[in-house]
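# Structure assessment
Next come the chains, spelled out residue by residue.
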Amino acid sequence: MPRRLRWLTPYLFLLPGGLWLTAFFVLPMLVMASISLQEGSLSSGYRLTWNFPIYAEVITEWTTQFVRSIWYAAAVTVLTLLIGYPMAYTIAFRGGRFKNILLLLVILPFFTAFIIRTLSWKLILSDNGFVLGTLKDVGILEPAFRVLATPVAVIGGLTYNFLPFMVLPLYVALEKIDRHLIEAGSDLYASRRQTFLRVTLPLSMPGVFAGSLLVFIPAIGDFINADLLGSRETTMIGNIIQRLFVQTNAYPEAAALSFVLMAAVLVLVALYARFVGAEELTRG
Amino acid sequence: MTEVDARELLDRPTSGLRRLVALGATMLLVAGCGIAGQSPTPAPTGTAGPTATVAPTSGSPSPTATAGGSPTAAPSPTQAPSPTEQPSPAGQLDFANWPLYIDIDDSGAYPTLDKFTAETGISVRYLEDINDNEEFFGLVQPDLAAGNPTGYDLMVFTDWTVERMIRLGYLEPLDHSLLPTFAANAQELYLDPWYDPGNVYSIPYQSGITGIAYNPTLTGREITSFDDLFDPEFAGRAGIFSEMRDTLCLTLLSMGVEPVTATIEQVQAAQQKLLEAAQRNQFRSDYGNDYYDALAAGDLAITIAWSGDISQMQLYDNADVRFVVPETGGMLWVDNMVIPKGAAHPIDAHAMMDFWYDVENATALTEYIGYFTPVSGVAEQVLEDAQTARDEGDEEWAAQLEVISQTAFPSNDQLQNVYTYPQLTEEEERTWNDLFNEVIAD
């Protein structure tokens, strides 16, 4: 390449990714923004009227579902962290020869489609299925007890579906920790607990950060778990958007709602990054 | 001419003017994506489908914004391929239908479709993609509005959706010269319906009644009234439909209002009745087709249901469940076969449509799925099959067939007590939907 054009090189490298992002992210976002500001209907057509008040309308009408989705997603993140951290720790530090097999087991559910896995949970948790039914027959549970159609079922389903997204980044972060640092900790008279809290945990924060993002962001917009495992009281914002778009054909509202959700997630993630200290994370 | 260092060009700070130009270009882009809605009919000309890189100002006829800015918009210059110009079938058919709506044998094959292929040489790609009228409509609507092929040649939609699609211009008119068996065998009750006068765009596939299904072993008593759905005794074990029309219309009937004449105040009252029950957790959930599994498994004691499903359930999944038309009235619906605009194989679609009006094929369908048939002569044929079964010693199947022959066509009692859906304008539809969404989503 002639010297004059060397400066082009980084841009050429960015070109495939950039084009992909532009075509499949930027342009659809612009179209959606345009749709959200339109008014009209299927038969009379849509007109761009710069209808900004729709954002306020949409936020006030669906506040409950927004807040509920944020709560659920936060709960799911915390739960996957609590369950996933010991898993990742065990695989990284105690896995030994079985590391690969254990990792495979973690990923194995992904070989089945998301919906099928959630449907199977519906079967497992069904009122008189082999789990609850047996417990009811034995007498531990009363006959009217149910898990399906409660927030517990929805959060449980979400936790199950997103657990691998937490385990894998955590595993990577924990794997990378230099074992000598941990040795150094005990050399300096730290107990096992102290070593964990002051050496391992801080060093694994990049994994915690990445895992949390990978779980929180999709979980907040999920609608399948709420649809299959929940009831009308567990409706999440994803369900609302889906219903507005597909059933009511209220495209401007659905588009506006999607943008509000995106904005909310961006704000929350920014706050989280500030709290966890993202600059330090990127420093190797 | 001095050579300008390209790097310097890039490093120059962006002036205010440039920023303004960039902003303006983006605004034009956004506006261009939205300049739409001149005409509701998706009749794209050769220059239709503005690409997003040019700020389009020429009136693009695509009605919805989804067509607008999509850089991949491929406007097909569809003049509706008039079937009479292409008399020979293409040999391939993409058929979208509801689940449980065709006969299946034990190995999972479709014997009637195989028969069709053997007779006509047209191979059928059968897709049970339709779970809900609105959901499927929402799926194909963007393509239809943009004039793009949907990937389906033949679809089955309920009457009120057909009415809507006709109004929006999404359907191909039928060529009745290709439908001789329909002309010969169709029942009068189903000809020239309210939603498609003259059967220009659709012919009936199957028909049924929306009523109530219940499991007497779980309810402990017989059910005859729609209000039993609201009985606190069945709290948490009652089901309603996510289909707005079925649920709201049945509720309106239970309050003495005919859906066709219902005013907005009456609909609001019906919504209040449902909302009050939903808020005290009377309903386990709102269901589409999946109410079938819940009812068969015993999760539901009583629910809104479709007549033919319960016939099937009694035969195959749960013999206890019963279907009843509420005293205050049920809804009579007709599912119709339609051809969407831009279908790739319309002749094959016509062949399939006509195939279902042959008495033998219609009988095979009815014997399996148990819904009302629009084809005359089926009830007699079913009785003949019952006799054959009895001669062969299969008493059980013979008895079942005799029951089916009774339910192949609605009885006079039932016809007295069923109603049809109202024709709603876009605004009314929106209002009804918003009201109903409050019931099913908190």
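Everything quoted here is computed from the prediction, not taken from an experiment.

## Considering the overall build of chain B
On a plain count of helices and strands, chain B comes out with 18 helices and 10 strands. Taking all contacts inside chain B whose residues are at least 6 apart in sequence as the whole, residues at least 24 apart take part in 76%.

## Focus on the overall build of chain A
Counting its regular elements, chain A contains 14 helices and 2 strands. In terms of C-alpha radius of gyration, chain A reaches 24 Å, well past the compact-globule figure of 19 Å for 284 residues. Considering only C-alpha atoms, chain A reaches an extent of 80 × 75 × 35 Å along its principal axes. Taking all contacts inside chain A whose residues are at least 6 apart in sequence as the whole, residues at least 24 apart take part in 69%.

## Observations regarding the packing of helix H15 (residues 378-391) of chain B against helix H16 (residues 395-407) of chain B
Residues and elements named next belong to chain B. Remark: H15 packs on H16, axes separated minimally by 8 Å, with the N-to-C direction vectors making an angle of 170°. With respect to their mutual orientation, H15 and H16 come out roughly antiparallel. For the pair H15 and H16, the crossing hand works out as left-handed. In this structure, H15 contributes Ala379, Val382, Leu383, Asp385, Ala386, Ala389 and Arg390 to the contact, and H16 contributes Glu395, Trp397, Ala398, Leu401, Glu402, Ile404 and Ser405. Looking at side-chain class alone, the contact of H15 with H16 contains 9 nonpolar, 1 polar and 4 charged residues.

## Quick look at the domain arrangement of chain B
One frequently used descriptor of interface size is the decrease in accessible area upon assembly of the parts. Residue and element names in this part refer to chain B. When its domains are assigned, chain B resolves into domain 1 (86-207 + 333-397) and domain 2 (208-332 + 417-440). Between the C-alpha centres of domain 1 and domain 2 there is a distance of 26 Å. Tallied by class, residues from the side of domain 1 that touches domain 2 come to 8 nonpolar, 5 polar and 3 charged.

## Focus on the nonpolar core
Counting 160 residues, the largest nonpolar core has Ala219(A), Leu257(A), Leu154(B), Ile212(B), Ile302(B), Val338(B) and Met352(B) as its most contacted members. Viewed by domain, this core spans two of them, domain 1 (86-207 + 333-397) and domain 2 (208-332 + 417-440) of chain B, each represented by three or more residues. Those residues in contact with Met352(B) that sit more than four places away from it in its chain are Leu93(B), Phe95(B), Phe116(B) and Leu154(B).

## Section: the environment of Asp222(A)
Residue and element names in this part refer to chain A. Following the sequence through the fold, aspartate 222 ends up in the loop between helix H10 (205-221) and helix H11 (224-229). For the pair aspartate 222 and methionine 32, spaced 190 residues apart in sequence, the C-alpha separation works out to 19 Å. Beyond its immediate sequence surroundings of up to four residues, aspartate 222 is in contact with Leu158, Met236 and Gly238.

## Considering the packing of helix H9 (residues 244-254) of chain B against helix H18 (residues 426-440) of chain B
All names here are of chain B. Relative orientation of the contacting elements H9 and H18 amounts to 85°, with a least axis distance of 10 Å. With respect to H18, the element H9 is oriented roughly perpendicular. Of the residues in H18, those touching H9 at Met244, Thr247 and Leu248 are Trp432, Asn433 and Phe436. Classifying every residue of the contact of H9 with H18 gives 4 nonpolar, 2 polar and no charged.

## Here we look at the environment of Leu168(A)
Along the chain, the position of Leu168(A) falls in helix H7 (residues 151-176). Expressed as a C-alpha distance, the spacing of Leu168(A) and Ala88(A), which sit 80 residues apart in the sequence, is 7.3 Å.

## What to know about the pairing of strand S7 (residues 302-306) of chain B
All names here are of chain B. Counted residue by residue, S7 has 5 buried out of 5 residues, so it is predominantly covered. Two strands pair when backbone bridges link them, and strand S4 (residues 202-214) and S7 are joined in this way by 5 bridges, in the antiparallel orientation. Paired with glycine 211 across the strands is alanine 305, a residue of S7. In the sheet, strand S5 (residues 238-241) pairs with S7 via 2 bridges, with the strands oriented parallel. Residue glycine 239 lies in a different strand from S7, and its bridge partner there is threonine 303.

## Re the confidence of the model for chain B
Residue and element names in this part refer to chain B. Averaged over all residues, the pLDDT of chain B is 81; the fraction at 70 or higher stands at 80%. Across residues 34-84 the pLDDT falls below 50, and counting only partners more than four positions away or on other chains, this stretch makes 126 contacts in the model. Interface scoring of the predicted complex returns ipTM 0.73; its pTM is 0.74.

## Details of helix H3 (residues 63-94) of chain A
Residues and elements named next belong to chain A. With 32 residues, H3 extends 46 Å from end C-alpha to end C-alpha; this agrees with the ideal 46 Å at 1.5 Å per step. Considered for burial, the residues of H3 that qualify are Gln65, Arg68, Ser69, Tyr72, Ala73, Val76, Thr77, Thr80, Gly84, Ala88, Ile91 and Ala92. On its buried face, H3 sits against helix H4 (99-107), H7, H10 and helix H12 (237-247). Two residues or fewer past H3, glycine 96 is found with a positive phi of approximately 60°.

Basis of the calculations
- Residues numbered from 1 in each chain as written.
- Chains lettered and ligands numbered in written order.
- Predicted model: local features only at pLDDT ≥ 70, side-chain atom pairs only at ≥ 80, totals over all residues.
- Helix = DSSP H or I, 4+ residues; strand = E, 2+ residues; numbered from the N terminus.
- Contact = placed C-beta atoms within 7 Å.
- Rg over C-alpha atoms; globule rule 2.2 N^0.38 Å.
- Axes fitted to C-alpha atoms, helices over the stretch in contact; angles between N-to-C directions.
- Parallel < 35°, antiparallel > 145°, perpendicular 65-115°, else oblique.
- Left-handed = near helix turned anticlockwise from the far one by under 90°.
- Nonpolar A, V, L, I, M, F, W, Y, C, P; charged D, E, K, R; others polar.
- Domains from an automatic or database assignment.
- Core = buried A, V, L, I, M, F, W, Y, C linked by C-beta atoms within 7 Å.
- Buried ≥ 20, exposed ≤ 12 C-beta atoms within 10 Å, placed from the backbone.
- Pairing = 2+ DSSP bridges.
- pLDDT = per-residue confidence, 0-100.
- Expected span 1.5 Å × (residues − 1).

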